[in-house]
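Inside the fold
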Amino acid sequence: MPQTAVRTGVTLNYEITGEGEPVLLIMGTSGSLPMWGEVAPRLAQEYQVIAFDNRGLGGSERGEGAITVASLAEDASALLAALEIPRAHTLGWSLGSAIQQEMALAHPEQLATAVMCGTWARCDGFQRAMLSALRLPYAIRDMDAALTTSGLAFSPQLLDDPNVEQMVAALAPAFPQSEDQMQVTVEQWDADLVHDTQDRLSGITTPTMVVVGEQDLITPSWQAKKVADAIPGARYELVTGPGSSHGLHLERPDDLVRLVTDFLQDNSLERRPAALGS
């Protein structure tokens, strides 16, 4: 059953799979639950995975008020509270990683770790151009164009694969399904464009790992590196080679899951008290 994020009054659609330490998955712009691909079930082999749809997409209500990175962070925080999960590991992709930054600043007690995949702190000119191009098809309500431009999230290798059209078609249910959801996606792109934590990241105390692919055009590696450099003690992982795109979790799920599980094991909730007491 969908769960109400009590503090923000919005009913969010979510799924919980697996057992173990909790891991909250926070989705990127335009996506809903199926966009996690193989990452969610693979993590669920070792962890309790909580995946949810951001407000207005998938099965989640839109609610009232502006959609900003900070308001979406409040939704995620309220969902954990409603589920009575006091502290969770987090994996955020793209917009989801920006949401993690705001959560880590506003509700640090809730985050055991933050794995930020495809992240940034403030748009530069190149990224602003990319995000604006991706926003346009949603603004004019052209879903075919939106699916075509979504190719910017993938690698040259995948886009040259003769089966790419079938692959994109298989992901279509994870994209917006109505004009209302397309409008929400426009609001998400707008939130991406004005996201700015660059001067606040030094205040994050959550153990953090930043992961990015060298082929990522939407959140380029130099942007992700700025985030890692600004967060005290953050680990930076650059994934290289074919498939190292913005859609890293879809093209290279084995590599991403390995990085995530290694990091979570190093920062286990069970280990933390012993480390503090040593």
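For the structure itself, look to the data block above.
Here's a quick rundown of the structure. From a predicted model like this one, the values you see are computed outputs, not experimental measurements. (Residues numbered from 1 in each chain as written. Predicted model: local features only at pLDDT ≥ 70, side-chain atom pairs only at ≥ 80, totals over all residues. Heavy atoms only, no water.)

Concerning the overall build of the protein chain
If you tally the helices and strands in the protein chain, you get twelve helices and nine strands. In terms of overall dimensions, the protein chain is globule-like: its C-alpha atoms have a radius of gyration of 17 Å, near the 19 Å expected for 278 residues. Here the C-alpha coordinates of the protein chain stretch approximately 55 × 40 × 35 Å along the principal axes. Relative to its full complement of 278 residues, the protein chain shows a buried share of 56%. In the protein chain, the share of contacts with a sequence separation of at least 24, taken over all contacts with a separation of at least 6, comes to 77%. (Helix = DSSP H or I, 4+ residues; strand = E, 2+ residues; numbered from the N terminus. Rg over C-alpha atoms; globule rule 2.2 N^0.38 Å. Buried < 20%, exposed > 50% of the residue type's maximum accessible area, 1.4 Å probe, protein only. Contact = heavy atoms within 4.5 Å.)

Comments concerning the sheet that holds strand S7 (residues 111-117)
Taking strand neighbours across the sheet as the criterion, the seven strands line up as S3-S5-S4-S6-S7-S8-S9 in an open arrangement whose pairing is mixed. Each end of this open sheet is capped by a strand with a single partner; those strands are strand S3 (14-17) and strand S9 (235-239). Averaged over all adjacent pairs, the angle separating strand axes in this sheet is 15°, with direction ignored. Where strand S4 (residues 22-26) and strand S5 (residues 48-52) come together, four bridges link them in parallel fashion. Pairing of Leu25 across the sheet is with Ala51, part of S5. Where helix H3 (residues 95-106) meets the sheet, it contacts S4, strand S6 (88-93) and S7, and its direction lies at approximately 150° from that of S7. (Pairing = 2+ DSSP bridges. Axes fitted to C-alpha atoms, helices over the stretch in contact; angles between N-to-C directions.)

Quick look at the packing of aromatic side chains
Each aromatic ring pair is summarised here by two numbers: the centre-to-centre distance and the angle between the ring planes. A full pass over the atoms with the stated rule returns two aromatic pairs. Measuring from centroid to centroid gives 6.5 Å for Tyr138 and Trp189, while their planes differ by 45°, and the two rings are tilted. Separated by 51 residues along the polypeptide, Tyr138 in helix H4 (residues 125-139) and Trp189 in helix H8 (residues 179-194) bring together distant segments of the chain. Here Tyr138 falls in the buried class, since its relative accessible area comes to 2%. Given a relative accessible area of 7%, Trp189 falls into the buried group. In this arrangement the basic side chain of Lys225 is found over the ring face of Tyr236, its NZ or CZ atom lying 5.6 Å from the centre. (Phe/Tyr/Trp six-rings, centres within 6.5 Å; stacked < 30°, edge-to-face > 60°. Lys NZ or Arg CZ within 6 Å of the ring centre and 35° of its normal.)

Here's the deal with the packing of H4 against H8
Where H4 meets H8, the axes come as close as 9 Å, and the angle between the chain directions of the two elements is 165°. Between H4 and H8, the interaxial angle falls into the category roughly antiparallel. Between H4 and H8 the crossing geometry is left-handed. Taken together, the residues of H8 that come into contact with H4 (itself represented by Arg128, Leu131, Ser132, Leu134, Arg135, Pro137, Tyr138 and Ala139) are Met182, Thr185, Val186, Trp189, Asp190, Asp192 and Leu193. Residue composition of the contact of H4 with H8, grouped by class: nine nonpolar, two polar and four charged. (Parallel < 35°, antiparallel > 145°, perpendicular 65-115°, else oblique. Left-handed = near helix turned anticlockwise from the far one by under 90°. Nonpolar A, V, L, I, M, F, W, Y, C, P; charged D, E, K, R; others polar.)

Some words on the nonpolar core
Ranked by internal contacts, the top residues of the largest apolar core, which has 86 residues, are Leu25, Trp36, Leu91 and Ile99. By residue number, the principal contributor to this core is helix H2 (residues 69-82), which donates seven residues. Discounting residues that sit within four places of it in the chain, Leu91 has contacts with Leu24, Leu25, Ile26, Trp36, Val39, Leu43, Gln100, Val115, Cys117 and Val260. (Core = buried A, V, L, I, M, F, W, Y, C linked by side-chain atoms within 4.5 Å.)

Focus: the side chain of Asp192
With respect to the helices and strands, Asp192 occurs in helix H8. Here Thr29 takes part through its side chain, which lies 2.6 Å from a polar atom of the side chain of Asp192. In contact with Asp192, not counting residues within four places along its chain, are Thr29, Leu95, Trp120, Cys123 and Leu131. (Polar contact = N/O pair within 3.5 Å; in protein donor to acceptor, adjacent residues only side chain to side chain.)

Regarding the pairing of S9
Where strand S8 (residues 208-213) and S9 come together, five bridges link them in parallel fashion. Along S9, the bridge assignment pairs Met209 with Arg235. In this region the chain leaves S8, passes through helix H9 (residues 221-230) and returns to the parallel neighbour S9; the handedness of that crossover is right-handed. (Right-handed = clockwise from strand over helix to strand, strands pointing away.)

Notes on the state of the cysteines
In total, this model carries zero disulfides according to the counting rule given. Distance from the sulfur of Cys117, which forms no disulfide, to the nearest cysteine sulfur (Cys123) is 17 Å. Assessed through its relative accessible area of 6%, Cys123 is described here as buried. (Disulfide = S-S within 2.5 Å.)

A word on H2
Over its 14 residues, H2 extends 20 Å from the first C-alpha to the last, a length consistent with the 20 Å expected when each residue adds 1.5 Å. Within H2, eleven of the 14 residues are buried, which leaves the element mostly enclosed by the surrounding structure. Turning to H2, its buried residues number three or more, namely Val69, Ser71, Leu72, Ala73, Asp75, Ala76, Ser77, Ala78, Leu79, Leu80 and Ala82. Within two residues after H2, Glu84 carries a phi angle of roughly 60°, on the positive side. (Expected span 1.5 Å × (residues − 1).)

Description of the layout of surface pockets
Put simply, the largest pocket is a space of about 160 Å³. The wall of the largest pocket is formed by Asp144, Leu147, Thr148, Ser150, Gly151, Phe154, Leu159, Val164, Glu165 and Val168. Elements with a contribution of two residues or more to the lining of the largest pocket: helix H5 (143-149) and helix H7 (164-171). Residues of the lining of the largest pocket, tallied by class, amount to five nonpolar, three polar and two charged. (1 Å grid on protein atoms, 1.4 Å probe; cavity = no way out; pocket = protein on both sides within 12 Å on 5 of 7 lines; lining within 4 Å. Points joined across faces, edges and corners; volume = space filled by probe spheres on them.)

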